[in-house]
Amino acid sequence: MPPEEVGGPSVPAVPSLEDRPAFAELQEHFQEVRELRLKELFGQDPQRGVALTAAALGFYLDYSKNRVTSETMRLLVRLAQESGLPERIEAMFSGARINVSEQRSVLHVALRAPRDAVILVDGHNVVPQVHQALDQMGDFATRVRDGRWLGHTGKRIRNVVNIGIGGSDLGPMMAYEALRDYAKVDLALRFVSNIDASDFVEATRGLDPAETLFVVCSKSWHTLETLTNAETARDWLVAGLGGERQATARHFVAVSTNQEGVAEFGIDPANMFPFWDWVGGRYSYDSAIGLSLMIAIGPERFREMLVGFRAMDEHFRTAPLERNLPVLLAVLAVWYNNFFGAETQAVLPYDHYLGRFPAYLQQLEMESNGKHVDLAGRTVGYQTGQIIWGQPGTNGQHAFYQLIHQGTKLIPCDFIGFCEALHPLGRHHDLLMANLLAQTEALAFGRTVEELTAAGTPEWQIPFRVCDGNRPTTTILIDRLTPESLGKLVALYEHKAFVEGVIWGIDSFDQWGVELGKLLADRITPELESRLDPSLEHDSSTNELIRRYRRLR
Ligand code: F6P
């Protein structure tokens, strides 16, 4: 048992993963089912494709094409139960400091709580301030959209450039791409994140500074990339508007938890939109970090998205674990990660608008669950975290699916599709969905020697063409891509990551690992910029790379 106290916050008294009875049972069970084939499982139970499904909130989750039996699912759900999941869900929703290493509450669910909800952090209800911020955002977004908020020279704002990185970029960018069909057409939204100047140059290419608004997003207001890009943006704007520094007032707004930092940068605190340290960066795009998105789609659509988030929150909090969509996704991930030894998971949205969704999920899952110690700070003896990757269908089919079908690696895949087309053009949508369904069928059942022979395949070619099948997939069918369904989808994966973290017994809400690289970059920067040859005290590889760069820069 981990200690109750780790010199700081208390941690739940839950046995380590391997010491939970359900884990031991799952290990035994795994030996019985590891060789089972989906073809046989479907053959034995003609109702499998109906039985191993769950539906809620317009989402249909078909997990029947996974290498599981009903017994596997029962044991996995028991594992979640023994991990203290119900208590941890309540702890999160009620504002307990479940981010133990930073001693913070984790309350992205408060960002979409209804106005009359009460969620206490240190005895203080945080919901009113959430709605105050939403109202402030709504008011500002409306003024930009209807032309009451003008630039310094009196021109209307036509371009919004979001400056941020990580959670302050990927969320709004993913959601903007996803909801592009709902966005105001005469307002362009662009994103700058990378410290590489090319990003800034391309994002601002062709823009008229007089019509451009920068939304600078940084939770900490300490992030090198964002502050450097914001300074470059300020120089670009001032230069473009005849050197008038006061012009920035109408062209810069900030989203941060750090009011002092924002004021020091020169952005009027009246043009600052708040959020709070109990919102993790990768869980923040439904806070003020979504301001640029709100400007694009409008406050009403943004609120519809929040309604979707909230519906999934309620489902997650109240649905029985065995029918709980985030729980089902999470336990399947644990099954492949900790029993089959799968290293990665592909997320394959069959919707072009969800093109950035896998990249968004990469941060959500990998920053959350890429951890090597448990809540008590002890090194874990099992795999945590999943490597998430993917591309929208059908593009991925013509790129990397070959390896999923016939490679030597096991890659569980989530297929995400929508029943109604946003653009019912010709046969496009049916063709798109036929491909989604065909891929899950092909991955599950493959193509045998007998089938190939019957189809007249030359014998010598058969080994190359056999598809083993038995490749697990989960299909998520959603009615239609709307702000509301996007909110549900994102909350589904947020809570999935949380459940995995609970089962692995880790802190899904810190990210200390990214600090070291930042620290070392701060040390190397002056060595690259120094006019005199610096004395270098790195390893021989880093020293030599620095010398070569200095010679050629
Ligand atoms: O370095 C990682 C990280 O802290 C992410 O967690 C975060 O989303 C990103 O940097 C940006 O941080 P900020 O919003 O504070 O600029």
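How each quantity is defined
Residues numbered from 1 in each chain as written. Predicted model: local features only at pLDDT ≥ 70, side-chain atom pairs only at ≥ 80, totals over all residues. Heavy atoms only, no water. Helix = DSSP H or I, 4+ residues; strand = E, 2+ residues; numbered from the N terminus. Rg over C-alpha atoms; globule rule 2.2 N^0.38 Å. Buried < 20%, exposed > 50% of the residue type's maximum accessible area, 1.4 Å probe, protein only. Contact = heavy atoms within 4.5 Å. Areas by Shrake-Rupley, 256 points an atom, 1.4 Å probe, with all protein chains shown as cover. Lys, Arg positive; Asp, Glu negative; His and termini not counted. Charge placed at Lys NZ, Arg CZ, Asp CG, Glu CD. Patch = residues over 30% accessible without salt bridge, like charges linked within 9 Å, V, L, I, M, F, W, Y side chains within 5 Å. Salt bridge = Lys/Arg side-chain N within 4 Å of Asp/Glu carboxyl O. Pairing = 2+ DSSP bridges. Axes fitted to C-alpha atoms, helices over the stretch in contact; angles between N-to-C directions. Near = heavy atom within 4 Å. Polar contact = N/O pair within 3.5 Å; in protein donor to acceptor, adjacent residues only side chain to side chain. Nonpolar A, V, L, I, M, F, W, Y, C, P; charged D, E, K, R; others polar. Core = buried A, V, L, I, M, F, W, Y, C linked by side-chain atoms within 4.5 Å. Expected span 1.5 Å × (residues − 1). Arc of directions from axis to C-beta. pLDDT = per-residue confidence, 0-100. Disulfide = S-S within 2.5 Å. Right-handed = clockwise from strand over helix to strand, strands pointing away.

## Some words on the overall build of the protein chain
- Summing up its helical and strand segments, the protein chain has 21 helices and 13 strands in all.
- Relative to the 2.2 N^0.38 estimate, which gives 24 Å for 553 residues, the radius of gyration of the protein chain is 25 Å and therefore close to what a compact globule would have.
- Projected onto its principal axes, the C-alpha positions of the protein chain cover 75 × 60 × 60 Å.
- Split into buried and exposed, the 553 residues of the protein chain put 53% on the buried side.
- Within the protein chain, counting contacts between residues at least 6 apart in sequence, those at least 24 apart form 73% of the total.
- For the protein chain, the exposed area adds up to about 24100 Å²; of that, 52% sits on carbon and sulfur atoms.
- Taken together, the 53 basic and 71 acidic charged side chains of the protein chain have centroids lying 5 Å from each other.

## Side note on a nonpolar patch on the surface
- Together, Leu516, Leu519 and Leu520 line one region of the surface with nonpolar side chains, adding up to about 300 Å² of accessible area.
- With respect to the helices and strands, Leu519 occurs in helix H20 (residues 513–529).
- Taking the relative accessible area as the measure of exposure, Leu519 reaches 57% and is therefore exposed.

## Remarks on the sheet that holds strand S13 (residues 473–478)
- If you trace the six strands from one edge of the open sheet to the other, you get S1-S2-S13-S12-S10-S11, paired in mixed fashion. One side of each edge strand has no neighbouring strand; the edge strands of this open sheet are strand S1 (53–56) and strand S11 (387–389). Across the sheet, the mean angle from the axis of one strand to that of its neighbour is 15°, orientation sign disregarded.
- Judged from the four bridges that link them, S1 and strand S2 (residues 59–62) form a sheet pairing that is antiparallel. Bridge pairing in S2 links Ala54 to Leu61.

## Examining the environment of Pro472
- Looking at the element boundaries, Pro472 is found in the loop between helix H18 (462–465) and S13.
- Spatially, the C-alpha atoms of Pro472 and Asp522 are 44 Å apart, while their sequence positions differ by 50 residues.
- With residues near it in sequence (within four places) discarded, Pro472 still touches Lys65, Asn66, Arg67, Tyr336, Leu410, Ile411, Pro412 and Cys413.

## Section: the pattern of salt bridges
- Following the criterion strictly, the structure yields 31 salt bridges and no others.
- Arg180 is the salt-bridge partner of Glu177, the closest N and O atoms lying 3.3 Å from each other.
- When its relative accessible area of 41% is taken as the criterion, Arg180 is described as partly exposed.
- What emerges from the salt-bridge pattern is a single network uniting Arg112, Asp286, Asp313 and Glu494.

## Observations concerning the sheet that holds strand S6 (residues 188–192)
- Ordered by their spatial adjacency, five strands build an open sheet running S6-S5-S7-S8-S9, and the pairing between neighbours is parallel. Each edge of the sheet is formed by a strand with only one pairing partner; in this case those strands are S6 and strand S9 (272–274). This sheet shows a mean twist of 20° between the axes of neighbouring strands, independent of strand direction.
- Bridge count for strand S5 (residues 159–163) against S6 is five bridges, and the pairing is parallel. Residue pairing in the sheet places Ile163 in a bridge with Val192 of S6.
- Strands strand S7 (212–217), strand S8 (252–256) and S9 of the sheet are contacted by helix H6 (residues 127–146), whose axis makes an angle of about 145° with S9.

## Details of the pairing of S2
- Connecting the antiparallel pair S1 and S2 is a turn made up of two residues, with Leu57 showing a positive phi of about 55°.
- As judged from the four bridges shared by S2 and S13, these two strands associate in the antiparallel manner. When the sheet's bridge partners are listed, Leu61 is paired in S13 with Ile476.

## Re the site of the ligand
- Near the ligand there are 14 residues, and of these Gly167, Ser168, Ser218, Ser220 and Thr223 occur at the shortest range.
- In the model, an oxygen atom of the ligand is placed 2.7 Å from a nitrogen or oxygen of the Gly167 main chain.
- Here an oxygen atom of the ligand and a side-chain polar atom of Ser220 are 2.6 Å apart.
- Burial of the ligand by the protein chains amounts to 88% of its free accessible area of 390 Å².
- Secondary-structure elements contributing two or more residues to the shell around the ligand are helix H14 (357–369) and H20.
- Looking at the shell around the ligand, its residues break down into two nonpolar, nine polar and three charged.

## A short note on the side chain of Asp374
- For Asp374, the location among the structural elements is in the loop between H14 and S11.
- Look past the residues within four positions of Asp374 in its chain and what remains in contact with it is Val380, Gly505 and Ile506.

## Concerning the nonpolar core
- Counting residues in hydrophobic clusters, the biggest one holds 128 residues, and the most contacted among them are Phe357, Leu486 and Tyr493.
- With near-sequence residues (within four places) excluded, Tyr493 lies in contact with Leu329, Val347, Phe357, Leu361, Leu364, Asp414, Ile416 and Ile476.
- Ranked by size, the runner-up nonpolar core spans 22 residues in total, among them Val216, Trp221, Leu227 and Leu241.

## Concerning helix H1 (residues 21–33)
- The end-to-end C-alpha separation of H1 is 18 Å, in line with the 18 Å expected for 13 residues at 1.5 Å each.
- Considered for burial, the residues of H1 that qualify are Ala22, Phe23, Leu26, His29, Phe30 and Val33. Down the axis of H1, the smallest arc covering the buried residues is 120°, so these residues share one side. For H1, the exposed residues lying more than 90 degrees away from the buried face are Glu28, Gln31 and Glu32.
- Each element contacted by the buried residues of H1 is listed here: helix H4 (70–82) and helix H13 (325–340).

## Digging into the confidence of the model for the protein chain
- Confidence in the prediction for the protein chain averages 96 pLDDT; 98% of positions are at 70 or higher.
- In this model residues 1–6 is a low-confidence stretch, pLDDT under 50, and it forms 16 contacts with partners more than four residues away in sequence or in other chains.

## Comments concerning the state of the cysteines
- For the structure on display, the rule yields zero disulfides.
- Here Cys413 is not cross-linked by a disulfide; its sulfur's nearest cysteine counterpart is in Cys467, at 14 Å.
- Judged by its relative accessible area of 1%, Cys413 is buried.

## Considerations on the pairing of S8
- The element S8 is largely enclosed, with a buried count of five among its five residues.
- With four bridges connecting them, S7 and S8 associate as parallel partners. Residue Phe214 lies in a different strand from S8, and its bridge partner there is Phe252.
- The handedness of the S7 to S8 crossover, carried by helix H9 (residues 224–240), is right-handed.
- Here S8 pairs with S9 via three bridges, running parallel.

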